[in-house]
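If you want the building blocks of each chain, they are given just below.
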Amino acid sequence: MTKVKTVFACQNCGYQSPKWLGKCPDCSSWNSLVEEQVSPAAERFPHALTISEQDLPPQSIQSIMTSEEGRMKTGIGEFDRVLGGGLVVGTVVLIGGDPGIGKSTLLLQALDQLARKGTSVLYVSGEESLRQIKLRANRIDVAAPKLFVLAENSLEKILDEIKKLKPQVVVIDSIQTLFSLQLQSAPGSIGQVRESAGKLMVVSKSTNVSTFLIGHVTKEGAIAGPRVLEHIVDTVLYFEGDCGHPYRILRAVKNRFGSTNEIGVFEMGEKGLREILNPSEIFLEERPEKTPGSVVVPSLEGSRPILVELQALVSGASFGTPQRSTIGIDHKKVSLLIAVLEKKAGLPLMGQDIFFNVAGGVRLDEPAVDLGVVAALASSHLNKPVLPHTAVFGEIGLTGEVRAVARPDDRIKELQRLGFTRCFLPASNLKNLQTSWQIELTAIRHIQDILDKIFEI
Ligand code: TYD
Ligand code: MG
């Protein structure tokens, strides 16, 4: 009989220690170590050896064969693009998001599409009963005969069923509800989550099953429990949005088989999630024209440009310390641009309350939006609307200079498609454009330039 060993694992970061400690030496959180059982590696991962079973010596990279058949298309275009062009066989994908955002709905729809094309798929729910799943499926017209459903949260039983059914794609909804009988800790604890994910990962790799793990998100916004999970899986997607709005954004934050920063846009409706093929139109739909503080920027999200509206509100501070609040864009970046505006363009913003918002629930982290941020701040401060049908893009340096950004042609193309007539862009971008455009293009070298040119008189 193998001797049962235990370790104390930090519930916050996964650090392990042979004895109990009051404070985790790794992440410095207090009272976070909990006893967990460990059995020898060979027992925990019976398939571990089969991953490398081929037992080959090192190979020349030229001699290794690949095939593009390795990708399965779900048929939901937005979803496939975020995955990097379809689901890679034998990979593990983690999908995180707030409760109620639509994770279960999205994956049920994706499985349905796959099953309709003849792929055998299994949906495992540890949260809902079969009847509840069926009710949801009815609502969103999910009825493929090859879609199998299992309501179960014992890891061992799930692995058994996977072995018996041999599906090509498995969804685990959610990883926090699974528990292994070999551990004493409660479902959702870091030990259980890691154990379950680890075993599923091994099965995935050794039998070429593609696995989706749904993960809950903590108050801090990380996938609950373990950052460890993000390291072991192949792809991490976040499903974001505001439950009060119908729009949802699927974003890749890690992808071993595709680009990150790729986003997919969906709308939650009566019949589940619908793809939004023209996100620019949606994000600009409610934009007020001729209003100070509103500016449109073409931002590159992965492979495609999306037009989004930036909104700034600058108003006199009522108390000593001015308030700064931003939604959808990095707080520090806005502070930095405020400082540049103050110092290099002479706008007295330091003492003002400033609120900044990216409309439509999008998150931007591209330098190309800098010029738009500056224009929106100045527009609100001076109470002057920017010229109609006008957009801007460009990166701003600390001396107030405007720098070139990637792929200007794609951005201008999207602006032209949506009827914009004027665009302000970095001078060095304008010089190197590939094609000529009908839009009026104006070169900007310094932030003072944009303040001189962009407002209606
Ligand atoms: P769900 O997929 O259960 O979210 P998650 O698994 O991320 O917790 O989605 C639940 C929400 O979506 C719920 O508030 C109801 C809404 N919804 C619709 O608006 N239309 C639909 O067709 C479905 C199935 C759900
Ligand atoms: Mg759910």
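**Quick word on the overall build of the protein chain**
What the protein chain contains, in helices and strands, is 14 helices and 23 strands. Taking the principal axes of the C-alpha coordinates as reference, the protein chain spans close to 85 × 55 × 55 Å. Within the protein chain, contacts between residues at least 6 apart in sequence are counted, and of these 67% link residues at least 24 apart. Surface accessibility of the protein chain: about 21,900 Å² in total, with carbon and sulfur atoms responsible for 53%. Charge centroids of the protein chain, computed over 50 positive and 51 negative side chains, lie 2 Å from each other.

**A short note on the nonpolar core**
Of all hydrophobic cores here, the largest spans 48 residues; its most connected members are Leu341, Phe356 and Leu377. The biggest single contributor to this core is helix 11 (residues 370–382), with seven residues. If you look at the next biggest cluster of nonpolar residues, it comprises 34 residues, including Leu114, Ala115, Phe239 and Leu273.

**Section: the packing of helix 4 (residues 103–116) against helix 5 (residues 130–139)**
When two helices pack together, their arrangement is captured by the angle between the axes and the distance separating the axes. Where helix 4 contacts helix 5, the axes come no closer than 11 Å and their chain directions differ by 70°. It follows that helix 4 is roughly perpendicular to helix 5 by the angle criterion. Facing Ser104, Thr105 and Leu108 of helix 4, the residues of helix 5 in contact are Ile133, Arg136 and Ala137. When grouped by side-chain class, the residues that make up the contact of helix 4 with helix 5 number three nonpolar, two polar and one charged.

**A short note on empty space enclosed by the protein**
The full count for this structure, using the stated rule, is four cavities of 30 Å³ or more. Its volume calculated, the largest cavity comes out at about 100 Å³. Forming the boundary of the largest cavity are 14 residues, of which Arg287, Lys290, Ser294, Val386 and Leu387 lie nearest the centre. Roughly 60 Å³ of internal volume is contained in the second largest cavity. For the lining of the second largest cavity, the secondary-structure elements that each account for two or more residues are strand 11 (235–241) and strand 12 (247–255). Examining the composition of the lining of the second largest cavity, we find that three residues originate from one element, strand 12, more than from any other. Among the residues forming the lining of the second largest cavity, the class breakdown is two nonpolar, four polar and three charged.

**Description of helix 12 (residues 408–417)**
Three or more residues of helix 12 are buried, namely Pro408, Asp409, Arg411, Ile412, Glu414 and Leu415. Gly419 sits one or two residues past helix 12 and shows a positive phi near 85°.

**Some thoughts on the confidence of the model for the protein chain**
Across the protein chain, the average pLDDT comes to 86, with 92% of residues at 70 or higher. Below pLDDT 50 for its whole length, residues 46–53 participates in seven contacts with residues either more than four positions away or in separate chains.

**Focus: the pairing of strand 11**
Summarising burial for strand 11: five of the seven residues are buried, a large majority. As defined by bridge partners, strand 6 (residues 92–97) adjoins strand 11 across five bridges and the pair is classed as parallel. Across the sheet, Gly96 pairs through a bridge with Tyr238, a residue of strand 11. Both strand 11 and strand 12 contribute to a ladder of seven bridges, which runs antiparallel. Each residue of the ladder has a partner; that of Phe239, found in strand 12, is Leu250. The hairpin turn running from strand 11 into strand 12, its antiparallel successor, is five residues long.

**So, the sheet that holds strand 12**
If you trace the nine strands from one edge of the open sheet to the other, you get 8-7-9-10-6-11-12-13-14, paired in mixed fashion. The strands lining the two open edges of the sheet, one partner per strand, are strand 8 (147–151) and strand 14 (272–275). Direction aside, neighbouring strands of the sheet carry axes that sit 25° apart on average. Bridge count for strand 13 (residues 263–269) against strand 14 is four bridges, and the pairing is antiparallel. If you follow Met268 over to strand 14, its bridge partner there is Leu273.

**Some points on the site of ligand 1**
Close to ligand 1 lie 16 residues; Gly100, Ser104, Thr105, Gly269 and Gly272 are nearest. Glu270 is positioned with one of its backbone polar atoms (N or O) 3.0 Å from an oxygen atom of ligand 1. At a separation of 2.7 Å, an oxygen atom of ligand 1 approaches a polar backbone atom of Gly272. Burial of ligand 1 by the protein chains amounts to 74% of its free accessible area of 560 Å². If you list the elements that add at least two residues to the shell around ligand 1, you get helix 4, helix 5 and strand 13. For the shell around ligand 1, the leading source of residues is helix 4, giving three residues.

**Thoughts on the pattern of salt bridges**
As enumerated under the stated definition, the model contains 20 salt bridges in all. One network of salt bridges, in which partners are shared, links Glu78, Arg81, Glu262 and Arg304.

**Here's the deal with the packing of aromatic side chains**
Overall, the coordinates contain two aromatic pairs when judged by the stated rule. Seen in terms of ring centroids, Phe79 and Phe212 are 5.8 Å apart; in terms of plane orientation they differ by 25°. Their pairing is stacked. A residue pair is termed long-range when its members are at least 10 positions apart, and Phe79 in helix 3 (residues 77–82) and Phe212 in strand 10 (residues 210–216) qualify at 133 residues. Judged by its relative accessible area of 0%, Phe79 falls in the buried class. When the centroid spacing of 6.0 Å and the interplanar angle of 80° are considered together, the rings of Phe239 and Phe266 count as edge-to-face.

Reading the values: the criteria
Counting restarts for each chain, with residues numbered from 1 along the sequence as it is written. Numbering of ligands from 1 and lettering of chains from A proceed in the order in which they are written. Per-residue local features of the predicted model are confined to residues with pLDDT of at least 70, and side-chain atom pairs are confined, for both listing and counting, to 80 or more; whole-chain, interface and lining totals are unaffected and use all residues. Hydrogens are left out, water is left out, and the side-chain values use all remaining heavy atoms of the structure. Secondary structure is summarised from DSSP: a helix means a run of H or I of at least four residues, a strand means a run of E of at least two, and numbering begins at the N terminus for each. Residues are treated as being in contact if the distance between any of their heavy atoms lies within 4.5 Å. Here the Shrake-Rupley method, with its probe set to 1.4 Å, supplies the accessible areas, and only the displayed protein chains count as covering residues. Only four residue types enter the charge count, namely Lys and Arg as positive and Asp and Glu as negative; His and the chain termini do not. Charged side chains are reduced to one point each, which is NZ for Lys, CZ for Arg, CG for Asp and CD for Glu. By nonpolar core we mean a set of buried residues, namely Ala, Val, Leu, Ile, Met, Phe, Trp, Tyr and Cys, connected to one another through side-chain atoms within 4.5 Å. Only protein chains enter the calculation, and the probe is 1.4 Å; a residue is then buried if its accessible area is under 20% of its type maximum, exposed if over 50%, and partly exposed in between. The angle between two axes is taken between their N-to-C directions and runs from 0 to 180 degrees, where each axis is a line fitted to C-alpha atoms and a helix contributes only its stretch in contact. Each angle is binned into one of four classes, with values under 35 degrees roughly parallel, values over 145 roughly antiparallel, values of 65 to 115 roughly perpendicular, and all other values oblique. Only Asp, Glu, Lys and Arg are considered charged, only Ala, Val, Leu, Ile, Met, Phe, Trp, Tyr, Cys and Pro nonpolar, and every remaining residue, Gly among them, polar. Put simply, the grid is 1 Å and covers the protein atoms alone, a cavity is a trapped set of points that fit a 1.4 Å probe, a pocket is an open set with protein on both sides within 12 Å along at least five of seven lines, and lining residues have an atom within 4 Å of a point. Grid points are joined across faces, edges and corners, and a volume is the space filled by probe spheres set on the points. You can read pLDDT as the predictor saying how much it trusts each residue, on a scale of 0 to 100. By definition, two strands form a pair when at least two bridges between them are found by DSSP. When we say a residue is near a molecule or strand, we mean one of its heavy atoms is within 4 Å of it. We call two N or O atoms a polar contact when they sit within 3.5 Å, provided that within protein one can donate a hydrogen and the other can accept it, with sequence-adjacent residues counted only if both atoms are side-chain atoms. When a carboxyl oxygen of Asp or Glu lies within 4 Å of a side-chain nitrogen of Lys or Arg, that pair is called a salt bridge. Only rings of Phe, Tyr and Trp enter the pairing, Trp through its six-membered ring, and a pair is recorded when the two centres are within 6.5 Å. The plane angle decides the type: under 30 degrees is stacked, over 60 is edge-to-face, the rest tilted.

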